[in-house]
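The primary structure of each chain is shown beneath.
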Amino acid sequence: MKKITLIVCLVLAFASFSNAQLAYQRGTIQADVTEGNTFSNYTTGINTTAHEVGWGHFVGCRDPLSIEYGISSRFGIGLSSGSDYYMIAPSQFYGFSVPYDQVKALASEFTIDGSYHFYVTRHWDIAAVLSLGFTTVTFNGYYGYQPNSDTYKATGILASDGTYNYTAKGNIIRTGAHVRYFIGHLGFVAMFTAFSEAAQVPKTTGQYATNITGFAKEFGLCWRFKK
């Protein structure tokens, strides 16, 4: 009887120890800092019509930051903030041109993330993630310009002093998988996601809308603050 009691105690102790060493569990707080690339279809159109102005495929640079809290042993909730950079030709997408015909468009996002951690061990943590939030697409600069005669005028973008400024706001949805490998509190993370974002200028007529869809891959470091 004593042997059985001892064996049961050892099994329970081992189970308790193993659970305490899981890479993810309830109460876990972890932060991710990553960099990567997006492979995106970039499209513009006029808000009030179905006319598509421009379309192109771009590889952008991605630079996000995220934090997550474990609300249970499987589910987590978090926040993410990131930016994607694209070098685009304004004559192709927004109806005006600049020297070298290239501007840097910045797509910034802020999302609320829900995650399901379907594979968790002492070192590994693999989760499916769904993110919903807001996006802003912007670019600006100064130089001479010439509106294109064969497309829409750059309404609301060009100013009389030769500057150009574009700001469009909308929503984004992102889904994919996050893979983490921990050594103690420090870990390595890889993220693979697909996304769709749509942004419009908050005016009613003749304004350019921007839609971006694609997928992203990013790699970086993560830190577990608890347990």
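Each remark here, short or long, concerns the structure printed above.
All figures in this text were calculated on a predicted structure; none of them were measured in a lab.

Trainee: Any chance you could explain a nonpolar patch on the surface here in plain terms?
Mentor: On the surface, I67, Y69, I71, F75, I77, L79, F110, I112, Y116, F118, Y119 and W124 cluster together to form a nonpolar patch covering roughly 1,200 Å² of accessible area. Of all the secondary-structure elements, those providing two or more residues to the nonpolar patch are β3 (65-70), β4 (75-88) and β5 (103-120). Element by element, the count of residues in the nonpolar patch is highest for β5, at five residues. Its location among the elements puts I77 in strand β4.

Trainee: Help me understand the packing of aromatic side chains in this model?
Mentor: Aromatic rings in a pair are described by how distant their centres are and how their planes are angled relative to each other. Taken as a whole, this structure holds 15 aromatic pairs when the rule is applied. Plain terms: the ring middles of Y42 and F58 are 6.0 Å apart, the flat faces sit at 80° to each other, and that makes the pair edge-to-face. Highlighted residues: Y42 in strand β1 (residues 29-46) and F58 in strand β2 (residues 52-62), separated in sequence by 16 residues. Residue Y42 shares its accessibility class with F58, and that shared class is buried. Note on F96 and F139: the rings are 6.3 Å apart at their centroids and 25° apart in plane angle, and the pair reads as stacked. One end of the pair, F96, is in the loop between α2 (90-93) and β5; the other, F139, is in strand β6 (residues 124-142), with 43 residues separating them in the sequence. F139 gets classed as buried once you look at its relative accessible area, which sits at 2%. Joined through ring pairs, the aromatic side chains of Y94, F96, F139, Y164, Y166 and Y208 make up one cluster.

Trainee: Help me out: how do you make sense of the pattern of salt bridges in this one?
Mentor: Note that side chains of opposite charge can pair when their charged atoms are close. For the structure on display, the rule yields seven salt bridges. Linking R62 and E218 is a salt bridge whose minimum nitrogen-to-oxygen distance equals 2.8 Å. In this pair, R62 sits in strand β2 while E218 sits in strand β9 (residues 208-224), placing the two residues 156 residues apart along the sequence. The residues R62 and E218 share a single accessibility class, namely buried. In the salt-bridge network here, residues are joined through shared partners; they are R62, D84, E109, R174 and E218.

Trainee: What am I meant to see in the pairing of β2 here?
Mentor: When a strand is regular, its side chains alternate between the sheet's two faces. Examined bridge by bridge, β1 and β2 share 10 bridges and lie antiparallel to one another. Its bridge partner being in β2, T43 is matched across the sheet by W55. Here two bridges tie β2 to β4, and the two strands are oriented antiparallel to one another. Of the residues in β4, the one forming a bridge with C61 is Y85.

Trainee: Teacher, can you tell me more about the nonpolar core here?
Mentor: Soluble globular proteins tend to pack their nonpolar side chains together in the buried interior. Within the largest apolar cluster, 24 residues are counted, with the highest numbers of intra-cluster contacts made by Y42, Y86, I88, Y94, F139, I157 and Y166. Mapped by element, the contributors of at least two residues to this core are β1, β2, β4, β5, β6, β7 (163-183), β8 (186-200) and β9. Here Y166 is in contact with Y94, V137, T138, F139, I157, A199, V201, Y208, A209 and T210, once residues within four sequence places are set aside. Core analysis: the second largest hydrophobic core is formed by five residues, A23, F182, M191 and C222 among them.

Trainee: Help me out: how do you make sense of the environment of W55 in this one?
Mentor: Here W55 shows up in strand β2. On the basis of relative accessible area, W55 is assigned to the partly exposed category, the value being 45%. C-alpha of W55 to C-alpha of I212: the two residues are 157 residues apart in sequence and 9.7 Å apart in space. With residues up to four places along the chain from it excluded, the contact list for W55 reads N41, Y42, T43, Q92 and F93.

Rules behind the numbers
- Sequence order sets the numbering: in each chain, residues are counted from 1 along the sequence as written.
- Since the coordinates come from a predicted model, pLDDT governs what is reported: local features require at least 70, and pairs of side-chain atoms require 80 or more to be given and counted, while whole-chain, interface and lining totals use all residues.
- Each side-chain value is derived from all of the structure's non-hydrogen atoms; neither hydrogens nor water enter the calculation.
- Every patch collects residues that have over 30% relative accessible area and no salt bridge, joining them within 9 Å if they carry like charges and within 5 Å if they are nonpolar side chains (Val, Leu, Ile, Met, Phe, Trp, Tyr).
- Working definition of accessibility: Shrake-Rupley area with a 1.4 Å probe, residue cover restricted to the visible protein chains.
- What counts as a salt bridge is simple: a side-chain nitrogen of Lys or Arg found within 4 Å of a carboxyl oxygen of Asp or Glu.
- Numbered from the N terminus, helices here are DSSP runs of H or I no shorter than four residues, and strands are runs of E no shorter than two.
- Pairing of aromatic rings covers Phe, Tyr and Trp, the last through its six-membered ring, and needs centres within 6.5 Å; plane angles under 30 degrees mean stacked, over 60 mean edge-to-face, and all others mean tilted.
- Only protein chains enter the area calculation, which uses a 1.4 Å probe; residues under 20% of their type maximum are buried, those over 50% are exposed, and those in between are partly exposed.
- Two strands are said to pair when DSSP picks up at least two bridges between them.
- In this description, a nonpolar core means a group of buried Ala, Val, Leu, Ile, Met, Phe, Trp, Tyr and Cys residues linked to one another through side-chain atoms lying within 4.5 Å.
- We call two residues contacting when some pair of their heavy atoms lies within 4.5 Å.

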